[in-house]
2 protein chains.
Amino acid sequence: MARVRLIDVAELAGVSMKTVSNVVHDYPHVAPALREKVQAAIDQLGYRPNLTARRLATGKTGMIALAIPEIDHPYFSELSRQIAEEATRRGYRVIIEQTLSDPVTERAVLNDREAGLVDGVIFHPVRMETLDIAKLDAGTPLVLLGEAAMPVMTDHVMIDNVSAALDATRHLLASGCRRIAFLGVIAADITGSTSQRLFGYQQGLLEAGVQLNPELVLTASEFTAEAGVHSITEAIDRGVRFDGVVCRDDRFAIGALKALHDSGRSVPEDVAVVGWDNTFMAAYTSPTLTSVAPEKTAIVVAAFNLLEERIAGYRGVGRHVIVGHSLEVRESAPLAPSRLRSRTDFTAL
Amino acid sequence: MARVRLIDVAELAGVSMKTVSNVVHDYPHVAPALREKVQAAIDQLGYRPNLTARRLATGKTGMIALAIPEIDHPYFSELSRQIAEEATRRGYRVIIEQTLSDPVTERAVLNDREAGLVDGVIFHPVRMETLDIAKLDAGTPLVLLGEAAMPVMTDHVMIDNVSAALDATRHLLASGCRRIAFLGVIAADITGSTSQRLFGYQQGLLEAGVQLNPELVLTASEFTAEAGVHSITEAIDRGVRFDGVVCRDDRFAIGALKALHDSGRSVPEDVAVVGWDNTFMAAYTSPTLTSVAPEKTAIVVAAFNLLEERIAGYRGVGRHVIVGHSLEVRESAPLAPSRLRSRTDFTAL
DNA sequence: CCACAAATATACAGCGCTGGAAAGATGGTT
DNA sequence: AACCATCTTTCCAGCGCTGTATATTTGTGG
C-alpha cells in the first residue's frame, strides 16, 4: 500500500523528478517523446500527486473553510450548496465547519484551527462579538456573513435587514393586518440579526401609526420549528390576539403555520404569516409561505470576490457589501387584503 | 504577515524545535519551568502550528471527505450534520464534496482528488457503478453509503430498502388502500436504490394479492419536489386512479402532497401518502407526513466504525452493514383505516 | 562520592513536492 | 567551426513539522 511518489515515476521513466512534475503540471517545454514516456510511467504506476506535500511546497492550499451554525438549517444548506458550487467554479474545495452556535467552537474555527489549512474562511457568526473576531483573525483571509455589527477590519456581506423587515411589515399592513406579531427573539443570538429585523418591524408599525405592543414580540428558546410552534401556541393560550406574524426565519414560520393550523386558525384569513430566507420549503407548505428572499447568489459571489481579493494580498480596511432582497409573495400573506372573516370575529375562534 | 514558525518560537525561548513541539503536544516529560518559558514565547509570538506541514511529517491528515449528491437535499443535509458531529467527536474534520450526481465528479472524488488529502472517504454514489468504484479506489479507505449493489472489496452501509418499501406498502394496504402508486422512478439513478424500493413495493402488493399495474409506477425527471408535483399532476390528468402513494423520498412526497392538494384531493382521505427519509419537514407538512425512517445515527456510526478500521489498517474484503429502519406514522397515512369517502366515490372527484 | 538508571533536551534526517539556478542540447548564424 | 540564443532537463535547497537516535542532566543507592 506504499504510495507511489514522484521519484518512483522519475526512476521508472529514467528522468528527473522535476521533469515528471512538469508533465503533471502540463508545463509547455517538455519534449513530446519524453512527455509520453513519463505519462506512461505515471499510468503504469498509478501515480497521484500528494496534495499535502504540494501544499507545503507552494504555500497554497486551494481550500476554503465555511463555518456555519448548522448544516441542516435549510437556509445554510442552500447557502452551502451555492458556496460549494462557486468554490468549484473558482478552483477551491470547501471544508465545512459546523459551529452549532457554540462560542467556543466559533472561536476555535478562527483561532488555531485554520492554521495553514485553508486559504480563506467564510464565516457566519452567531455568538461571537465582532471585536473578538477581529482579534482572533490570525492573518487568514476572512469574510463574514450575516448581521454582525460592521467590523472595522473585516470584510462583510449582508442584506439590509432593517429594510427587509420593513418591507415585510408594510406588506402585512397593506393587506389589512393591524395586530402584527414578531417571532422570535432569541436570547442567545447576540449578533444583532434578530434585533435588526425587530427594529425594521417596529419601524414599519410606527410609520403606519400602529402602536407598538410588547406583548406581540414573541420569544423562542432556540432556532427550530418546534420552538416556533411552542411560542405561537403559548401566545394563543395566553390570549394574545394577532392577525399577522413576521417571522425571523422560515423555520419559525413553518412552526407558526403548524401552530395556527392546530389551533384552528386559518392562514391567511385569520393570521397572515411572513417567513424569512425563502428556503425551498416555502413553496411547499400549505398554504405556501410568503418569505423575505435574500439574494443568495449575490451573497455568495460577493463573499468570494472579497475573499479572493484578500487572498491576492489586499490588506485594507473592511469592506461591507449589502446585497439585495425581495419579498416572495405567496399564499400565507397575499398582496390583496383577502380576509374572509372580519377581524372582530377573531376572538370568537 | 510572515507566519511564525516553530523555529522562531524555539529561538525566542532558547530551546530546540523539538522541545517546543513537545510543549505544543503536551508531551509529559518537559520540565515545568521550560514548559512555561516556551508557552510564553508561543503566546508572545502568537504561534499556530502549520497543519499542512504536520500532515506531511506524520502522514495523517485528520480529515475525511464526505461525497454526497446534494448538500441541500434535506436527507443529505441532515446526514451531513450528523457526520460532522461524529467526525468532531472522533477528531476528524470534514471536507464536503457535492457531486450533483454527475458521474465525472463522482469519479474525480475517488480518483486523483483525494490523493493524500484525507484519511478516508464516505461516499454516497448515485451514478457510478460499483465496479468502477472498486477500480478507482486508490488505497484511501472508503465507505459507501446508500443502495449500490454489494461491492466485493468496499465497505458499505445501507438500510434494507426492499423490506422498508414492503413495510410502507403493507401499511397502506392495511389502512385500506388498493390502488397504490409508486413515485418515482428516475432514469439517471442507476445505483438501484430506487429499484430496490420499487421491488419491495411490488412484493407488498403481490403478497396481498393485488395485481401490479404498470400505470401506477410513476416516473420523475429529477430528484426534486417540483418533479414530484409534476409527476402526480400528470398522472391525475391522464386519468390514473390511485388511493395511496409510496414515495421514493420525502421531497417527492412533499411534491405529491402539494399536487394532491392543488387538484382538490384530500390526504389521507382520498389518497394516503408515505414518504421516505423522515426528514425534518415530514413533521411540518400539512397533513404531516408518514415516512420511512432510516436510523441515521446508526448509519453514521457504522460508517465511521468501518472507516476507522480501514484507516487502522484493515485490508480484508468489504463488509456490509444493514442498519435498521422504521415507519414513522403521521397524518398522511395513519394506521387505522380512516377513509372518509368510500373508495368508489373516488372517480367522482 | 561514584556508578548507573531515569528523566529531559537536542540534532537532524526525512515527509513529497516545487521553484529557481544551472547545466546540457539543439539549431541557426556568421 | 566557433558562437549565441533558445529550448530542455537536471540539481538541490527549502516548505514546517515530527520521529528517532543521541546527548545531557538529574536523581538514587551503595
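Above this text is the structure in question.
A few points on the structure. (Residues numbered from 1 in each chain as written. Chains lettered and ligands numbered in written order. Predicted model: local features only at pLDDT ≥ 70, side-chain atom pairs only at ≥ 80, totals over all residues. Heavy atoms only, no water.)

1. Remarks on the sheet that holds strand β10 (residues 290-294) of chain A
All names here are of chain A.
- Pairing within the open sheet is mixed, and its 6 strands lie in the order β7-β6-β8-β9-β10-β12. The open sheet has two free edges, formed respectively by β7 (217-219) and β12 (325-328), since each of these has just one partner strand. On average, each strand axis in the sheet is tilted by 20 degrees relative to the strand beside it, whichever way the strands run.
- Set on the sheet, helix α9 (residues 193-207) makes contact with β6 (180-185), β7, β8 (244-247) and β9 (272-276); between it and β6 the angle comes to about 170 degrees.
- Sheet strands touched by helix α10 (residues 225-237): β6, β7 and β8. Its angle to β7, the strand with the most contacts, is close to 130 degrees. (Pairing = 2+ DSSP bridges. Helix = DSSP H or I, 4+ residues; strand = E, 2+ residues; numbered from the N terminus. Axes fitted to C-alpha atoms, helices over the stretch in contact; angles between N-to-C directions. Contact = heavy atoms within 4.5 Å.)

2. Brief notes about empty space enclosed by the protein
- Using the criterion set out here, one finds 11 cavities of 30 Å³ or more in the structure.
- One number sums up the size of the largest cavity: a volume of about 340 Å³.
- Looking at the lining of the largest cavity, the elements with two or more residues in it are α5 (74-89), β5 (155-159) and α9 (193-207) of chain B.
- Looking at which element gives the most residues to the lining of the largest cavity, the answer is β5 of chain B, with 3 residues.
- Residues belonging to the lining of the largest cavity are distributed by class as follows: 13 nonpolar, 6 polar and 7 charged.
- When residues of the lining of the largest cavity are assigned to domains, at least three map to each of domain 2 (63-159 + 296-325) and domain 3 (161-294 + 329-348) of chain B.
- Looking at the second largest cavity, it is lined by 13 residues, and the ones nearest its centre are Lys 258 and His 261 of chain A together with Tyr 284, Thr 285 and Ser 286 of chain B. (1 Å grid on protein atoms, 1.4 Å probe; cavity = no way out; pocket = protein on both sides within 12 Å on 5 of 7 lines; lining within 4 Å. Points joined across faces, edges and corners; volume = space filled by probe spheres on them. Nonpolar A, V, L, I, M, F, W, Y, C, P; charged D, E, K, R; others polar. Domains from an automatic or database assignment.)

3. Quick look at a nonpolar patch on the surface
- A surface patch of nonpolar side chains, amounting to about 300 Å² of accessible area, comprises Val 152, Met 153 and Val 317 of chain A.
- Here Met 153 of chain A is to be found in the loop between β4 (142-145) and β5 (155-159). (Patch = residues over 30% accessible without salt bridge, like charges linked within 9 Å, V, L, I, M, F, W, Y side chains within 5 Å. Areas by Shrake-Rupley, 256 points an atom, 1.4 Å probe, with all protein chains shown as cover. Salt bridge = Lys/Arg side-chain N within 4 Å of Asp/Glu carboxyl O.)

4. Here's the deal with the protein's contact with DNA strand D
- For DNA strand D, the set of nearby residues contains 23 residues, the closest of which are Thr 19 of chain A together with Leu 6, His 25, Tyr 47 and Arg 54 of chain B.
- Considering the 4 Å shell around the protein, atoms of DNA strand D inside it are sugar or phosphate in 68% of instances.
- A distance of 2.8 Å is found between a phosphate oxygen of DNA strand D and a backbone nitrogen or oxygen belonging to Ala 31 of chain A.
- Ala 53 of chain B is positioned such that a nitrogen or oxygen atom in its backbone is 3.3 Å from a base nitrogen of DNA strand D.
- Only α2 (17-24) and α4 (51-58) of chain A together with α2 (17-24) and α4 (51-58) of chain B provide two or more residues apiece to the surface near DNA strand D.
- The leading source of residues in the surface near DNA strand D is α4 of chain B, at 4 residues.
- Grouping the amino acids of the surface near DNA strand D by side-chain chemistry returns 12 nonpolar, 7 polar and 4 charged. (Near = heavy atom within 4 Å. Polar contact = N/O pair within 3.5 Å; in protein donor to acceptor, adjacent residues only side chain to side chain.)

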